[in-house]
Amino acid sequence: MTKMLIPDQIPLWPPADESISESIHAALEDGSWGRYSAEWSHDLAMELMDRHHQEHAQLCCSGTIGVEIALRGVGLEAGDEVLISAYDYPGNFRAIEQVGARPVLVDVRPDRWTMHVDDLEAATTSATKAVLVSHLHGDMAPVADIADWTRSECFYLIEDVCQAPGGIVEGMPVGSWGELCVLSFGGSKLLTAGRGGAVLMMDESVAQRITVFCERGNDAFALSELQAAAVSAQWEGFDRRHGVRLERARQLIERLGSSAPLQPQADFEAYFEPAFYKLGFFYHPERAGGMSREAYIEAMRGRGIPIGEGFRGFHRRSDKRCRKASSLENAARAAEQTVVIDQTLLLAEPDVIDLAAEILKSAD
Ligand SMILES: *Cc1c(COP(=O)(O)O)cnc(C)c1O
């Protein structure tokens, strides 16, 4: 008989936590839901700054606009260049274009999804002003090394932490290494208000530029008090689930072994403690009887696994829109082979993880 997961075996997302419902009701009952930038927002901003060791916060309506706000904050001018991985969230490329700057594509590390620090030097010109780096699919970017380099060059480092709140690199939270970091509270994200985001930053001058950009008689990209109330009630569940996902990811990777079509990233957990919005793998068709990635994903979805493709990458983008610093071969490979499993599977019971591993190994 074909093995399958049934929907009941995978927790719903967003979680139906009592604390979230209580918090939203409290905001309704005390009338704070009708106010602008009031206590819920204030408390959320304080908690976010505290957790990411940042000095200022701008809550906003999405992670995508958060990245643009961060780029505005560093004061880019037309013709300035921003270094970005050739494998990243598509909105980040657009955000750089949106502020009138030019994306410069840097390769990712071999068998990983994050920026290759060795590529930065060669990508740099006198027009370089900032580096935008994302932590993706459970791979935490080498931000200690990147931050060393950006500081020595006096460039701004912006960390996109939308997929990785709770992750740790060399004992420090991701989002604390850059002069700025961006979070998302989108409906599928680890902290969620259905929509929403935040930009955190170190410098007063950056914070002021951001306030000026967002202020149009009112905050043009605001997070509502109701959204802030929803996120504020999630910290306990967030911390607990972070640990569960990590344990289940280890279990799944161990059960998959080395002959499964799905290969985990190199050096899993060697230098960092990952946070998982998605758990990424490289797909090897030769270990699945030559089945295409697309067909494998469709088959796995049919058997109840929450699985999908990774990003498409920017390596094929026209030279009119960006500059390519190297051959970008690792990014091209990541775009072609990446498969991501949704974090909800990592919240399932251990016996469900075992079953999921069996399913993922048997492609036919
Ligand atoms: C989800 C995501 C974003 C954008 O967040 P939204 O709130 O959905 O706009 C940005 N960067 C990365 C890496 C993401 O995963």
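Residues numbered from 1 in each chain as written. Predicted model: local features only at pLDDT ≥ 70, side-chain atom pairs only at ≥ 80, totals over all residues. Heavy atoms only, no water.

Draft legend 1. Just the side chain of Asp342, in detail. Following the sequence through the fold, Asp342 ends up in strand β15 (residues 338-342). Accessibility expressed as a relative area gives 16% for Asp342, which makes it buried. Here Asp342 is in contact with Tyr277, Lys278 and Pro306, once residues within four sequence places are set aside. (Helix = DSSP H or I, 4+ residues; strand = E, 2+ residues; numbered from the N terminus. Buried < 20%, exposed > 50% of the residue type's maximum accessible area, 1.4 Å probe, protein only. Contact = heavy atoms within 4.5 Å.)

Draft legend 2. How the structure looks around a negative patch on the surface. On the surface, a cluster of negative charge is made up of Asp118, Asp145, Asp148 and Glu170. As for its placement among the helices and strands, Asp118 is situated in the loop between β3 (102-106) and α5 (120-123). (Patch = residues over 30% accessible without salt bridge, like charges linked within 9 Å, V, L, I, M, F, W, Y side chains within 5 Å. Areas by Shrake-Rupley, 256 points an atom, 1.4 Å probe, with all protein chains shown as cover. Salt bridge = Lys/Arg side-chain N within 4 Å of Asp/Glu carboxyl O. Lys, Arg positive; Asp, Glu negative; His and termini not counted. Charge placed at Lys NZ, Arg CZ, Asp CG, Glu CD.)

Draft legend 3. Local environment of the nonpolar core. Leu44, Leu48, Leu83 and Phe185 are the most contacted members of the largest nonpolar core, which has 45 residues in total. Taken domain by domain, the makeup of this core includes at least three residues from each of domain 1 (18-235) and domain 2 (238-361). In contact with Leu48, other than residues within four places in its own chain, are Leu59, Leu183, Phe185, Ala198, Leu200 and Trp235. Within the second largest apolar cluster, 43 residues are counted, among which are Cys60, Met201, Val206 and Phe221. (Core = buried A, V, L, I, M, F, W, Y, C linked by side-chain atoms within 4.5 Å. Domains from an automatic or database assignment.)

Draft legend 4. Seen up close, the domain arrangement of the protein. When its domains are assigned, the protein resolves into domain 1 (18-235) and domain 2 (238-361). The partner domain 2 presents 43 residues to the 47 residues of domain 1 that form the contact. Taking both sides of the interface into account, the surface hidden between domain 1 and domain 2 amounts to around 3900 Å²; carbon and sulfur atoms contribute 56%. Inspection of the domain 1/domain 2 interface yields five salt bridges. (Buried area = accessible area lost by both parts, 1.4 Å probe.)

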